[in-house]
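Below are the chains, spelled out letter by letter.
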Amino acid sequence: EDQVTQSPEALRLQEGESSSLNCSYTVSGLRGLFWYRQDPGKGPEFLFTLYSAGEEKEKERLKATLTKKESFLHITAPKPEDSATYLCAVQAQYKLIFGSGTRLLVRP
Amino acid sequence: SQTIHQWPATLVQPVGSPLSLECTVEGTSNPNLYWYRQAAGRGLQLLFYSVGIGQISSEVPQNLSASRPQDRQFILSSKKLLLSDSGFYLCASAAVAGVREQFFGPGTRLTVL
(Lines give C-alpha, C1' and ligand atoms only; values in the text may rest on other atoms or scores of the structure.)
Protein backbone atom coordinates (compact mmCIF):
# COMPACT_ATOMS: atom_id res chain seq x y z
CA GLU A 1 0.00 0.00 0.00
CA ASP A 2 1.30 3.47 -0.91
CA GLN A 3 2.11 5.43 2.21
CA VAL A 4 3.79 8.67 3.29
CA THR A 5 4.99 9.35 6.84
CA GLN A 6 6.33 12.71 7.99
CA SER A 7 8.37 13.45 11.09
CA PRO A 8 8.45 15.18 13.41
CA GLU A 9 4.80 16.18 13.76
CA ALA A 10 5.86 19.53 15.17
CA LEU A 11 9.17 21.36 15.35
CA ARG A 12 10.10 24.51 17.22
CA LEU A 13 13.25 26.36 16.20
CA GLN A 14 14.93 29.56 17.17
CA GLU A 15 15.53 32.00 14.35
CA GLY A 16 18.78 30.98 12.64
CA GLU A 17 18.69 27.40 13.98
CA SER A 18 18.95 25.07 10.97
CA SER A 19 17.14 21.73 10.90
CA SER A 20 15.59 19.08 8.66
CA LEU A 21 12.12 17.64 8.13
CA ASN A 22 11.73 14.01 7.11
CA CYS A 23 9.34 12.35 4.66
CA SER A 24 9.47 8.54 4.41
CA TYR A 25 7.51 6.85 1.65
CA THR A 26 6.56 3.50 0.21
CA VAL A 27 5.16 3.58 -3.31
CA SER A 28 5.23 1.20 -6.23
CA GLY A 29 7.22 3.05 -8.86
CA LEU A 30 7.92 6.59 -7.67
CA ARG A 31 6.91 9.09 -10.35
CA GLY A 32 7.41 12.20 -8.30
CA LEU A 33 7.72 13.47 -4.73
CA PHE A 34 6.28 16.87 -3.88
CA TRP A 35 6.79 19.36 -1.07
CA TYR A 36 4.18 21.97 -0.16
CA ARG A 37 3.97 24.76 2.37
CA GLN A 38 0.61 25.49 4.02
CA ASP A 39 -0.17 28.56 6.09
CA PRO A 40 -3.12 28.44 8.53
CA GLY A 41 -6.47 28.76 6.78
CA LYS A 42 -4.96 28.67 3.29
CA GLY A 43 -4.45 26.13 0.54
CA PRO A 44 -1.08 24.38 0.17
CA GLU A 45 1.54 26.24 -1.85
CA PHE A 46 3.70 24.15 -4.18
CA LEU A 47 7.43 24.22 -3.39
CA PHE A 48 9.34 21.41 -5.15
CA THR A 49 9.06 18.29 -7.25
CA LEU A 50 11.77 15.62 -7.03
CA TYR A 51 11.89 12.82 -9.59
CA SER A 52 14.77 10.48 -8.77
CA ALA A 53 17.14 9.51 -5.97
CA GLY A 54 20.04 11.91 -5.60
CA GLU A 55 18.14 14.89 -6.90
CA GLU A 56 18.22 18.17 -4.96
CA LYS A 57 16.29 21.42 -5.35
CA GLU A 58 16.67 24.74 -3.57
CA LYS A 59 14.54 27.79 -2.96
CA GLU A 60 15.78 30.54 -0.68
CA ARG A 61 16.43 28.90 2.73
CA LEU A 62 14.88 25.57 1.72
CA LYS A 63 16.59 22.60 0.12
CA ALA A 64 14.84 19.33 -0.70
CA THR A 65 16.71 16.06 -1.24
CA LEU A 66 15.55 12.59 -2.26
CA THR A 67 16.73 9.03 -1.63
CA LYS A 68 15.06 5.76 -2.58
CA LYS A 69 13.11 5.66 0.68
CA GLU A 70 12.84 9.21 1.97
CA SER A 71 13.10 12.90 1.34
CA PHE A 72 14.43 15.66 3.52
CA LEU A 73 13.51 19.32 3.59
CA HIS A 74 16.48 21.19 4.99
CA ILE A 75 15.85 24.65 6.41
CA THR A 76 18.96 26.80 6.73
CA ALA A 77 18.95 29.76 9.12
CA PRO A 78 15.15 29.91 9.30
CA LYS A 79 13.22 33.12 9.89
CA PRO A 80 9.86 33.54 11.65
CA GLU A 81 8.15 33.86 8.26
CA ASP A 82 9.15 30.25 7.52
CA SER A 83 6.65 29.15 10.18
CA ALA A 84 4.04 26.96 8.47
CA THR A 85 3.01 23.36 7.98
CA TYR A 86 5.14 21.53 5.42
CA LEU A 87 3.45 18.71 3.52
CA CYS A 88 5.07 15.91 1.54
CA ALA A 89 3.28 13.85 -1.12
CA VAL A 90 4.09 11.10 -3.63
CA GLN A 91 2.41 10.50 -6.95
CA ALA A 92 0.44 7.28 -7.38
CA GLN A 93 -1.22 7.12 -10.82
CA TYR A 94 -3.64 10.05 -11.00
CA LYS A 95 -3.44 10.80 -7.31
CA LEU A 96 -1.10 12.30 -4.75
CA ILE A 97 -0.70 10.52 -1.43
CA PHE A 98 -0.06 13.08 1.31
CA GLY A 99 1.64 12.80 4.66
CA SER A 100 0.09 14.47 7.68
CA GLY A 101 2.65 17.27 7.66
CA THR A 102 5.20 18.87 9.99
CA ARG A 103 4.16 22.04 11.82
CA LEU A 104 7.16 24.33 11.99
CA LEU A 105 7.34 27.26 14.39
CA VAL A 106 10.33 29.60 14.18
CA ARG A 107 10.67 31.93 17.13
CA PRO A 108 12.46 35.28 16.86
CA SER B 1 0.28 29.51 -14.59
CA GLN B 2 -2.87 28.06 -13.13
CA THR B 3 -5.24 29.94 -10.85
CA ILE B 4 -7.84 28.05 -8.84
CA HIS B 5 -10.89 29.84 -7.47
CA GLN B 6 -13.12 28.48 -4.75
CA TRP B 7 -16.26 29.85 -3.19
CA PRO B 8 -17.55 30.49 -0.74
CA ALA B 9 -14.52 31.05 1.49
CA THR B 10 -16.44 30.17 4.64
CA LEU B 11 -19.81 28.53 5.20
CA VAL B 12 -21.87 27.68 8.27
CA GLN B 13 -24.71 25.27 7.62
CA PRO B 14 -27.21 23.39 9.81
CA VAL B 15 -27.27 19.62 9.91
CA GLY B 16 -29.51 18.22 7.18
CA SER B 17 -29.14 21.18 4.84
CA PRO B 18 -27.79 20.85 1.28
CA LEU B 19 -24.31 21.87 0.17
CA SER B 20 -22.75 23.15 -3.02
CA LEU B 21 -19.11 24.20 -3.24
CA GLU B 22 -17.71 25.44 -6.52
CA CYS B 23 -14.22 25.38 -7.98
CA THR B 24 -13.11 26.96 -11.24
CA VAL B 25 -9.69 26.86 -12.85
CA GLU B 26 -7.96 29.39 -15.11
CA GLY B 27 -4.80 29.13 -17.13
CA THR B 28 -4.97 25.51 -18.23
CA SER B 29 -7.09 23.21 -20.37
CA ASN B 30 -8.37 19.71 -19.68
CA PRO B 31 -6.84 19.48 -16.21
CA ASN B 32 -7.28 16.68 -13.72
CA LEU B 33 -9.36 18.08 -10.86
CA TYR B 34 -9.50 17.00 -7.23
CA TRP B 35 -11.51 17.60 -4.07
CA TYR B 36 -9.79 17.13 -0.73
CA ARG B 37 -10.95 17.52 2.85
CA GLN B 38 -8.58 18.50 5.63
CA ALA B 39 -9.60 18.04 9.27
CA ALA B 40 -7.97 20.32 11.85
CA GLY B 41 -4.29 19.42 12.27
CA ARG B 42 -4.55 16.53 9.84
CA GLY B 43 -3.39 15.65 6.36
CA LEU B 44 -5.34 15.91 3.15
CA GLN B 45 -7.95 13.25 2.45
CA LEU B 46 -8.76 12.79 -1.24
CA LEU B 47 -12.53 12.73 -1.78
CA PHE B 48 -13.01 12.81 -5.56
CA TYR B 49 -11.00 13.24 -8.71
CA SER B 50 -11.94 13.85 -12.31
CA VAL B 51 -9.97 13.32 -15.51
CA GLY B 52 -12.59 14.93 -17.75
CA ILE B 53 -16.09 16.34 -18.12
CA GLY B 54 -18.64 14.04 -16.50
CA GLN B 55 -15.92 11.63 -15.28
CA ILE B 56 -15.84 11.34 -11.50
CA SER B 57 -13.99 8.84 -9.31
CA SER B 58 -14.85 8.55 -5.63
CA GLU B 59 -12.15 7.67 -3.15
CA VAL B 60 -14.16 7.48 0.06
CA PRO B 61 -17.81 6.36 0.37
CA GLN B 62 -19.63 9.17 2.14
CA ASN B 63 -22.36 11.73 2.20
CA LEU B 64 -20.87 13.81 -0.61
CA SER B 65 -20.92 13.79 -4.39
CA ALA B 66 -19.03 15.64 -7.12
CA SER B 67 -19.77 16.77 -10.63
CA ARG B 68 -17.80 18.28 -13.48
CA PRO B 69 -20.22 20.03 -15.83
CA GLN B 70 -17.50 21.94 -17.71
CA ASP B 71 -13.81 21.39 -18.41
CA ARG B 72 -12.63 23.82 -15.74
CA GLN B 73 -15.49 23.62 -13.25
CA PHE B 74 -15.73 21.15 -10.39
CA ILE B 75 -18.59 21.06 -7.88
CA LEU B 76 -18.86 19.31 -4.51
CA SER B 77 -22.38 18.65 -3.25
CA SER B 78 -24.41 17.06 -0.53
CA LYS B 79 -28.15 16.57 -0.16
CA LYS B 80 -28.05 16.46 3.64
CA LEU B 81 -25.05 17.58 5.65
CA LEU B 82 -23.80 15.71 8.71
CA LEU B 83 -21.80 17.09 11.62
CA SER B 84 -18.87 15.00 10.41
CA ASP B 85 -18.83 16.90 7.11
CA SER B 86 -17.25 19.90 8.84
CA GLY B 87 -13.75 20.66 7.64
CA PHE B 88 -11.57 22.56 5.23
CA TYR B 89 -12.33 21.69 1.61
CA LEU B 90 -9.67 22.16 -1.02
CA CYS B 91 -9.88 21.98 -4.78
CA ALA B 92 -6.76 21.17 -6.77
CA SER B 93 -5.79 21.08 -10.42
CA ALA B 94 -3.05 19.17 -12.23
CA ALA B 95 -1.85 19.03 -15.81
CA VAL B 96 -2.80 15.88 -17.67
CA ALA B 97 0.60 15.01 -19.11
CA GLY B 98 3.79 14.18 -17.25
CA VAL B 99 4.47 14.37 -13.55
CA ARG B 100 1.46 16.00 -12.10
CA GLU B 101 2.16 18.45 -9.33
CA GLN B 102 -1.16 19.74 -8.06
CA PHE B 103 -1.99 23.38 -7.48
CA PHE B 104 -4.50 24.24 -4.81
CA GLY B 105 -7.23 26.78 -4.39
CA PRO B 106 -7.68 28.92 -1.26
CA GLY B 107 -10.13 26.47 0.32
CA THR B 108 -13.61 26.62 1.87
CA ARG B 109 -14.04 26.36 5.63
CA LEU B 110 -17.32 24.46 6.27
CA THR B 111 -18.85 24.30 9.72
CA VAL B 112 -21.92 22.13 10.20
CA LEU B 113 -23.90 22.91 13.35
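Just so you know, these numbers come straight off a predicted model, no measurement behind them.

Rules used in this analysis
- Residues numbered from 1 in each chain as written.
- Chains lettered and ligands numbered in written order.
- Predicted model: local features only at pLDDT ≥ 70, side-chain atom pairs only at ≥ 80, totals over all residues.
- Heavy atoms only, no water.
- Disulfide = S-S within 2.5 Å.
- Helix = DSSP H or I, 4+ residues; strand = E, 2+ residues; numbered from the N terminus.
- Buried < 20%, exposed > 50% of the residue type's maximum accessible area, 1.4 Å probe, protein only.
- Phe/Tyr/Trp six-rings, centres within 6.5 Å; stacked < 30°, edge-to-face > 60°.
- Pairing = 2+ DSSP bridges.
- Axes fitted to C-alpha atoms, helices over the stretch in contact; angles between N-to-C directions.

Student: Help me understand the state of the cysteines in this model?
Tutor: Here a disulfide denotes one covalent bond, and it connects the sulfur atoms of two cysteines. Applying the stated criterion to the full structure yields 2 disulfides over all chains. Each sulfur in the disulfide pair Cys23(A) and Cys88(A) lies 1.9 Å from the other. Between Cys23(A) and Cys88(A), the disulfide has an S-S torsion of -60° and is therefore left-handed. Note that Cys23(A) is positioned in strand E3 (residues 19-26) and Cys88(A) in strand E9 (residues 84-92), a separation of 65 residues in sequence. Classification of Cys88(A) as buried rests on a relative accessible area of 0%. In this model, Cys23(B) is linked to Cys91(B) through a disulfide, with the two sulfur atoms separated by 2.0 Å. Here Cys23(B) and Cys91(B) share a disulfide; its torsion about the S-S bond, -70°, makes the bridge left-handed.

Student: Which parts of the structure should I look at to understand the packing of aromatic side chains?
Tutor: Two numbers describe a pair of aromatic rings. These are the distance of the centres and the angle of the planes. Residue and element names in this part refer to chain A. A complete count under the given rule lists 10 aromatic pairs over all chains for this structure. Their ring planes at 45° and their centres at 5.7 Å tell us that tyrosine 36 and phenylalanine 98 sit as a pair that is tilted. Here phenylalanine 98 lies in strand E10 (residues 95-98) and tyrosine 36 lies in strand E4 (residues 33-38), a separation of 62 residues in the sequence. A relative accessible area of 0% places tyrosine 36 in the buried class. Residue phenylalanine 98 is classed as buried on the basis of its relative accessible area, which comes to 10%.

Student: It is not clear to me how the pairing of strand E3 (residues 19-26) of chain B should be interpreted in this structure. Could you clarify?
Tutor: It is a general feature of regular strands that their side chains alternate between the two faces of the sheet. Residues and elements named next belong to chain B. Where strand E1 (residues 3-7) meets E3, 5 bridges bridge the pair, whose relative direction is antiparallel. Looking at E3, one finds that threonine 3 is bridged to glutamate 26. As paired elements, E3 and strand E8 (residues 73-78) share 6 bridges and run antiparallel to each other. Considered in E8, the bridge of leucine 21 is made with leucine 76.

Student: In this structure, what is going on with the sheet that holds strand E7 (residues 62-66) of chain A? I would like to understand it.
Tutor: In any sheet, the strands associate via hydrogen bonds between backbone groups, in a parallel or an antiparallel arrangement. Residues and elements named next belong to chain A. Reading across the sheet, the 5 strands line up as E1-E3-E8-E7-E6 and stay open at both edges, with antiparallel pairing between neighbours. With one partner strand each, in any of the chains shown, strand E1 (3-7) and strand E6 (56-59) form the two edges of the open sheet. Averaged over all pairs of adjacent strands, the angle between strand axes in this sheet comes to 15°, irrespective of strand direction. In this structure, E7 lies alongside strand E8 (residues 70-75), joined through 5 bridges in antiparallel fashion. Looking at the pairing, lysine 63 lines up with histidine 74 of E8.

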